[in-house]
Amino acid sequence: IEPMYQYSLTWFIGLFIQAIKDSEPSQDLAVRLKNLDDFFTYFLYKMVCRSLFEKDKLLFSFLLCTRIMRADSQLTDNELKFLVTGGVAVGDMDANKASTWLPDRGWGELGRMSDLPTAKGFKEEFIKHEAEWKHVFESGEPYKETFPGKWAECTPFVRLLIMRCIRPDKIVPAVMMFVSGEMGQRFVEPPPFDLAACFEDSSPVAPLIFILSPGADPNASLFKLADEKGFGETMKIVSLGQGQGPIAAKYVDDAYKEGGWVVLQNCHVYGSWMVSLERLCEEFKVETAHKNFRLWLTSYPSPVFPVSILQNGIKMTNEPAKGIRLNVKGSLLADPIGNQEFFSSCAKPTKWFKLVFALSFFHAVLQERRSFGPLGWNIAYGFTAGDMEISIRQTKMMLDEYDADQFKSLNYLIGECNYGGRVTDDKDRRYLLCCLADFYNVLMFDDAYKLSPSGVYMAPPGTPNYEEMVEHTLKLPLTQNPEVFGLHENADITKDQQETNYFCDTVLDTEAQSGGGGGGAGGDEDEMLDALCGDILSRVPFEFDREKMFKKYPIRFDESMNTVLAQETIRYNALIAAIRTSLASLRKALQGLVVMSADLDGVLSALKTNKVPLLWSKKSYPSLKPLGGYITDLIARLHFLQKWIDTVQPAMFWMPGFFFVHAFMTGGMQNFARKYTLPVDTLNFEHRMMEKEEYEVAPDDGIYVYGLFCEAGRWNKETKELDESEPKSLFGGMPTMWFYPKEMPAPNLDWKEETRDAAGNLKIEGVYISPVYNTSARRGTLSTTGHSTNFVCPIVIPCFKKPQSHWIKRGTALLMQLDD
């Protein structure tokens, strides 16, 4: 999960011996064993927890809980596997009887869950009590509801399985409730970071290691502890980097003999010296080390950090506070704002205090928006306190040295340089500048100006002093709604779903590591896998007959779509060959007729866990779908092309059906350029949203396309514009579009500052330039063709009610395919 999560058997045995000493004694053997068991389980949880990041603490509790339950035969491997994978779909699914509210994916999982011995007959009961189950589905906390019928009495783990099918976005709080019910509340409330306790557990030969995360700085607590223990004056600190190795080695050597603390910072930067550090630590002996010697190390998670030091040292994580309120408070208390002299020395105090609060709030919004995944940022950037510091100093300088407000300069310096310098994706930069424009504008000096649409967040009124500003911050809500980031309320569902996906994927990874993965799994499972292979082989057609195709669609100068079709069939044929060959070989390997190679083992493991095998992904188009959804999608794509080959070129093209969609769009442009003898590089598409769903005849010029989805918005058929999403509906279908080639510049995804009317409201341009992505991951890499592996093109969508900035903050984008 993380390269820094390393623990040795020696360390584990040490904990066990410690637990024998520290647990409550008893003359009664059964009581003594119970005491030992309870004490050691929690002691192990506490010791491991302090070295885990927040995101993995619940995961560890769950693994601990399920391992104990499996050892006590209270839980089967199949039940756990179903929880994290949703089962593997074989054959066609029967019709969804609750299609008005339950997604097809949930219905399929519900059917597969009914095959488990502990959930026999669930599907029939579900249909019988459909109205009551719908009430559970619509609840804000479905995991706390009483389930209908006989399922009110089901075991806590079966409740989890039902949650997986009905409301997968709520699995994480449901797991928390499950662990606390099985093991006690203390196993879901990690102990707070306590540096003094870590120091008490340490010895001169075990280094103390801070595992860093962006925004966290352990120095303050370390210096405080050093002062308390009397090492503040003599502590040696080295920030590692080129040429610092010998200095660090000398400090360690001296302190080892004479006593003292040595702090080596940023070990991850100096990978080449880590071998020397490992050798130094291997020579530490209890007999020769000075009793006051301590070695402190700090490092971001990195594969270069020596495993032996990690296994034997004491690891600690100390993450920055989460949430807008604590983030703003942290910025106000940190240097330079926390420095009283700096804070109170500005020539224009009223404007200065407002902008200090605005920048702290802006910094918090950028940081916290990361928790929404690709909806928040395409790439999760690690903005630091350093970005904040340089920006606040420049703000003060501009206020001190100029009479007029310098918002244009400040927006450029902060948005393009200080923060923008980290941003590599142009859509992310557009959001960053759009967000900054909300905080760094002249309206910020008005006491009535709202920092969020609801007005819950506002700057402190008047000219507050430092204490009043901090006090005002502490009155802000502890948790925040998505509206403060400009996101729709549905963004919380997306965020919860991402947490569920992370949780299930990491449980699956740890289980695969400890369970040995593939290699043939025993009778019943082998039969199930063989049936799955047979089912996929029977559904995926054979390769396209390209010779026959060329006779009907020869490469012609006036019809570029023939070339597109030829290229598409080459790509799909390679994918079909990879799928059919690997499945045929896997069936032979399961029967023992051929050797199970590493590639086949990878395919086997993927099929068991409902994932697309890596062997196929290498030959495939981008997709985040699970195995069942991927096969269904692939068959639909192949059917689309086969129909084209068998009949005529379609009047409307299913845009997500193309393997390489850029070639298809270039083909449409090329046809127009050759027809009117225009240079193709002067052309770009104009996008027109069409009234009808279907068209029998292709347009004279350009192409009709359909099949796109809108995330964080929807197309309103009545008003014919982009509109807000429906509650609980994350994606909406887009209408048929006419891509009409024209001699004009491409739609520009750069941020253009919006103007305001006399009342201070933003003027509405009437369009939103939306990016189109292959998958909801949004992040892509530049491929050899010069195109992104994920970003497709910008599309101009009409919107008459809201300014463009509203949709930029929403994270609204069009997707070629969904993840299910």
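Look above for the structure.
First, a word on scope: everything that follows refers to the structure included in this document. (Residues numbered from 1 in each chain as written. Predicted model: local features only at pLDDT ≥ 70, side-chain atom pairs only at ≥ 80, totals over all residues. Heavy atoms only, no water.)

**What to know about the overall build of the protein chain**
Now for step 1: For the protein chain, the count of helices and strands is 30 helices and 16 strands.
Now for step 2: Its C-alpha atoms give the protein chain a radius of gyration of 30 Å, within 12% of the compact-globule value 28 Å for 820 residues.
Now for step 3: Dimensions of the protein chain, computed from C-alpha atoms along their principal axes, come out at roughly 85 × 80 × 60 Å.
Now for step 4: Counting all 820 residues of the protein chain, 52% fall into the buried class.
Now for step 5: When contacts within the protein chain are restricted to residue pairs at least 6 apart in sequence, those whose partners lie at least 24 apart make up 74%.
Now for step 6: Of note, the protein chain has its 87 positive side-chain charges centred 2 Å away from the centre of its 107 negative side-chain charges. (Helix = DSSP H or I, 4+ residues; strand = E, 2+ residues; numbered from the N terminus. Rg over C-alpha atoms; globule rule 2.2 N^0.38 Å. Buried < 20%, exposed > 50% of the residue type's maximum accessible area, 1.4 Å probe, protein only. Contact = heavy atoms within 4.5 Å. Lys, Arg positive; Asp, Glu negative; His and termini not counted. Charge placed at Lys NZ, Arg CZ, Asp CG, Glu CD.)

**Here we look at the packing of helix H3 (residues 54–71) against helix H4 (residues 77–85)**
Now for step 1: Close contact between H3 and H4 brings their axes to 11 Å; oriented N to C, the two are set at 155°. Judged on the interaxial angle alone, H4 and H3 are roughly antiparallel. Touching Phe62, Thr66 and Arg70 of H3 are Asp77, Leu80 and Leu83, all from H4.
Now for step 2: When the residues that make up the contact of H3 with H4 are grouped by side-chain class, the tally is three nonpolar, one polar and two charged. (Axes fitted to C-alpha atoms, helices over the stretch in contact; angles between N-to-C directions. Parallel < 35°, antiparallel > 145°, perpendicular 65-115°, else oblique. Nonpolar A, V, L, I, M, F, W, Y, C, P; charged D, E, K, R; others polar.)

**Some thoughts on helix H9 (residues 171–183)**
Now for step 1: Along its 13 residues, H9 runs 18 Å from first to last C-alpha, staying within 8% of the 18 Å computed at 1.5 Å per residue.
Now for step 2: Turning to H9, its buried residues number three or more, namely Ile171, Val172, Ala174, Val175, Phe178, Val179, Ser180 and Met183. (Expected span 1.5 Å × (residues − 1).)

**Quick notes on the side chain of His488**
Now for step 1: Position of His488 relative to the elements: it lies in the loop between helix H21 (466–474) and helix H22 (491–515).
Now for step 2: A distance of 3.3 Å separates a polar atom in the side chain of His488 from the backbone oxygen of Ser725.
Now for step 3: Look past the residues within four positions of His488 in its chain and what remains in contact with it is Pro482, Glu724, Ser725 and Arg810. (Polar contact = N/O pair within 3.5 Å; in protein donor to acceptor, adjacent residues only side chain to side chain.)

**Here we look at the nonpolar core**
Side chains of nonpolar character tend, in soluble globular proteins, to be buried together.
Now for step 1: Core analysis: the largest hydrophobic core is formed by 136 residues, its most contacted members being Leu607 and Phe664.
Now for step 2: Counting 90 residues, the second largest nonpolar core, distinct from the first, contains Leu52, Met69, Phe157 and Met274. (Core = buried A, V, L, I, M, F, W, Y, C linked by side-chain atoms within 4.5 Å.)

**A look at the packing of helix H17 (residues 349–368) against H21**
Now for step 1: At a minimum axis distance of 12 Å, the contact between H17 and H21 shows a crossing angle of 35°. Along this stretch, H17 crosses H21, giving a crossing that reads as right-handed. Contacts from Phe353, Val356 and Phe357 of H17 reach H21 at Met469, His472 and Thr473. (Left-handed = near helix turned anticlockwise from the far one by under 90°.)

**Describing the environment of Asp492**
Now for step 1: Among the secondary structure elements, Asp492 is positioned in helix H22.
Now for step 2: In this structure Asp492 comes out as partly exposed when scored by relative accessible area, which is 29%.
Now for step 3: As for Asp492 and Leu332, which are separated by 160 residues in sequence, their C-alpha atoms are 28 Å apart.
Now for step 4: Excluding its chain neighbours within four sequence positions, the residues that come into contact with Asp492 are Phe372 and Pro482.

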